[in-house]
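Topology and contacts: notes
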Amino acid sequence: MDNSIKVSSTTTSLNGNEKARSVKMTGADAVIHCLKNEDVNLVFGYPGGAIMPIYDSLHKYQDEVRHILTRHEQGAIHAAQGLARVTGKVGVVMATSGPGATNLITGIADAMIDSTPLVCVTGQVGSHLLGTDAFQETDVVGISMPVTKWNYQITSPEEIPDAFAKAFYIARSGRPGPVVLDITKNAQFAEFDYYYKPCKHIRSYLPSPKIDQTRIEEAVELINNAKKPLALVGQGVILGSAEQELLNFLEKTGIPAAWTLLGLSAMPTDHPNNVGMLGMHGNYGPNIKTNECDVLIAIGMRFDDRVTGALDKYAKQAKIIHLELDPAEINKNVYAHVPVLGNVKESLPMLTAKAQQKSYDAWFNEFKEADKIEFEKVIDREMHPVKEGLTMAETIDILNKKTGGDAIIVTDVGQHQMVASRYARFVKSRSNVTSGGLGTMGFALPAAIGAKLGQPDREVICVVGDGGLQMTIQELGTILQSEVGVKIVLLNNSFLGMVRQWQELFFDSRYAQTIMANPDFIKIAEGFGIKSKKVLHRPELSTAIDEMYAHKGAYFLEVVVEKEDNVFPMIPTGAAVSDILLGK
């Protein structure tokens, strides 16, 4: 314990029987002790005037709580997201008031829609200055309210322990999400008697609804009588640590399962029940069969518009069972004939216990026939292109095969994201990290840094486009300073590729502001001390990837790909999932 912290004679009752002495310390020291009490040993952030006392305290405890200095607050929060996504722990980020706090908002919104647990600590001007438009004063609570599970402004040090305990409990419980704690500067300087009691319950907050047994019975009856059932697997399986429960259910019932973008890696890619990806750029089979199945079992997914396409044409023939933790998602987009509220880790075993052992060979054969069509019209052309230029698909395929599907792949947003989700193979859960609901360009590089720091023993590959990379390219400096061994694969087509694709297909190839005049990325990476290589031709690709994997430490591989290559299949906006296109 630091010599400046004094033990008080005050005793405080904890959990009824235990007694613990409070400790005299400043609010700033209390913040660090709260993090230690929540087993946080790594935080991301960027210092400034209003949070300087906390950073001064952090300096005293740097051997216990490591701080990663990013080059921008957006980089810090995406890195915290990356760590949270691959570990399941609460990511922690710190920023100062005003622009420091507002620079976190994009990441907070991203974490909210993708259910990523974060605690964001922001400094604030002194309490006596609130409302005066003081230097770098911003209403962080007001700004962040729509995109947080909970936020709170702390104006006195006595509030700190309870606020942090609640913040961590809310962030990680139920459907996870981000929490913001805004701490005034006077609360950081003032002393008080500190003690910490973890939060285990908040009145009126019910993070995990009790499962209705009647709904289980209704769902089982539909499942047992189904002729063409289809399961849709979402991120809720990963968030609920229900991967094994999912496999037990699928293997007993014999039901084919497709996955959403964020549900990717919840089940092994090569599992016999896995029939592919849903959604706008998903696989042909699961999309068209959604409108042919008789029972649709949604497991921890929210029926996002990129999955459903036109709602008035979505699965109208099917009885829908929706296993979901968040009551707000039930009947929000798609009517559920049988809603099953509760954690899927609990509800899936209940279904499995009562479900009949079955097989659906003829039904699976329909998916296989659809796969043949997709292979002929899309996949074969991507893997064996007639053009000389490299494709994103063949790059992802080689990347993944060389790791046996064991790597964590972090993607940005755009064509490369969809290609990676289609062609990457995974054998472990929590291996796919991407910005799903918000679609945040610039996400990948900092998120990959956080993922590598969260899982240092796993290979972490950042797959990014030239547009997204330049939004947070300064985070190469974080790799330099913190020596993060992430592998960066830039798929460079000198376009904002996904927007260009839409312009080609729906705007008569009017490429309005999507052509990129790019810098020399290799020189930039080397300027940050990162070993680099550029690949222009197909014969060089495999060897270059081998060199990247063999290198100890960070590596930057630029792969120049076809400029005007499109991602198919594709469901046009407003179309039904059964109207999926296999080419233009």
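Residues numbered from 1 in each chain as written. Predicted model: local features only at pLDDT ≥ 70, side-chain atom pairs only at ≥ 80, totals over all residues. Heavy atoms only, no water.

Looking at the protein, pLDDT values average 95 and 97% of them are 70 or higher. Within the model, the stretch residues 1-19 combines pLDDT values under 50 with 37 contacts to residues more than four positions away or in other chains. (pLDDT = per-residue confidence, 0-100. Contact = heavy atoms within 4.5 Å.)

Our focus in this paragraph is the packing of aromatic side chains. All chains considered together, the criterion is met by eight aromatic pairs. Between the aromatic rings of tryptophan 150 and tyrosine 152, the centroid separation amounts to 5.6 Å while the plane-to-plane angle is 15°, which identifies the pairing as stacked. Since its relative accessible area comes to 22%, tryptophan 150 is described here as partly exposed. Seen in terms of ring centroids, phenylalanine 303 and tyrosine 314 are 6.0 Å apart; in terms of plane orientation they differ by 75°. Their pairing is edge-to-face. In this pair, phenylalanine 303 sits in the loop between β13 (295-299) and α13 (305-308) while tyrosine 314 sits in the loop between α13 and β14 (319-324), placing the two residues eleven residues apart along the sequence. Comparing phenylalanine 303 with tyrosine 314 shows no difference in burial state: the two are buried. A cation over an aromatic ring shows up here: arginine 500 above the ring of phenylalanine 495, its NZ or CZ 5.7 Å from the ring centre. (Phe/Tyr/Trp six-rings, centres within 6.5 Å; stacked < 30°, edge-to-face > 60°. Buried < 20%, exposed > 50% of the residue type's maximum accessible area, 1.4 Å probe, protein only. Helix = DSSP H or I, 4+ residues; strand = E, 2+ residues; numbered from the N terminus. Lys NZ or Arg CZ within 6 Å of the ring centre and 35° of its normal.)

The next thing to look at is the pattern of salt bridges. For side chains of opposite charge, pairing can occur when their charged atoms come near one another. Taken as a whole and assessed by the stated rule, the structure comprises 24 salt bridges. A salt bridge links lysine 402 to aspartate 546; the shortest N-O distance between them is 2.9 Å. Remark: aspartate 546 occurs in helix α23 (residues 538-550) and lysine 402 occurs in the loop between α16 (392-401) and β16 (408-411); sequence separation between them is 144 residues. By relative accessible area, which is 38% here, aspartate 546 ends up partly exposed. Taking the shortest distance from any N to any O, the salt bridge between aspartate 508 and arginine 510 comes out at 3.4 Å. Through salt bridges that share partners, Arg175, Asp326, Glu329 and Lys332 make up one connected network. (Salt bridge = Lys/Arg side-chain N within 4 Å of Asp/Glu carboxyl O.)

Right, let's get into the sheet that holds strand β8 (residues 178-184). Judged by pairing direction, the sheet is parallel, and its six strands sit side by side in the order β4-β3-β5-β6-β8-β7 without closing on themselves. This sheet does not close on itself; its edge strands, each paired only once, are β4 (66-69) and β7 (150-154). Neighbour to neighbour, the strand axes of the sheet diverge by 20° on average, direction disregarded. Here four bridges tie strand β3 (residues 42-46) to β4, and the two strands are oriented parallel to one another. Bridge assignment links leucine 42 to a residue of β4, and that residue is arginine 66. Packed onto the sheet, helix α7 (residues 160-172) meets β5 (91-95), β6 (118-124), β7 and β8 and runs at close to 165° relative to β7. (Pairing = 2+ DSSP bridges. Axes fitted to C-alpha atoms, helices over the stretch in contact; angles between N-to-C directions.)

The residue alanine 298 is located in strand β13 in this model. It is 9.9 Å that separates the C-alpha atoms of alanine 298 and valine 340, two residues lying 42 residues apart in sequence.

Turning to the domain arrangement of the protein, a few remarks are in order. When the domains of the protein are assigned, the result is domain 1 (7-194), domain 2 (213-366) and domain 3 (384-576). The straight-line distance from the C-alpha centre of domain 1 to that of domain 2 is 37 Å. Across the boundary between the two partners, domain 1 contributes seven residues, which contact seven residues of domain 2. The largest per-residue losses of area from domain 1 upon contact with domain 2 belong to Arg85, Asp114 and Arg175, which jointly make up 65% of the total buried on that side. Residue aspartate 326 is joined to arginine 175 by a salt bridge in which the shortest nitrogen-to-oxygen separation is 2.9 Å. Summed over the shared surface of domain 1 and domain 2, the number is three residue pairs in polar contact (both at pLDDT 80 or more). Grouping the amino acids of the side of domain 1 that touches domain 2 by side-chain chemistry returns two nonpolar, two polar and three charged. (Domains from an automatic or database assignment. Buried area = accessible area lost by both parts, 1.4 Å probe. Polar contact = N/O pair within 3.5 Å; in protein donor to acceptor, adjacent residues only side chain to side chain. Nonpolar A, V, L, I, M, F, W, Y, C, P; charged D, E, K, R; others polar.)

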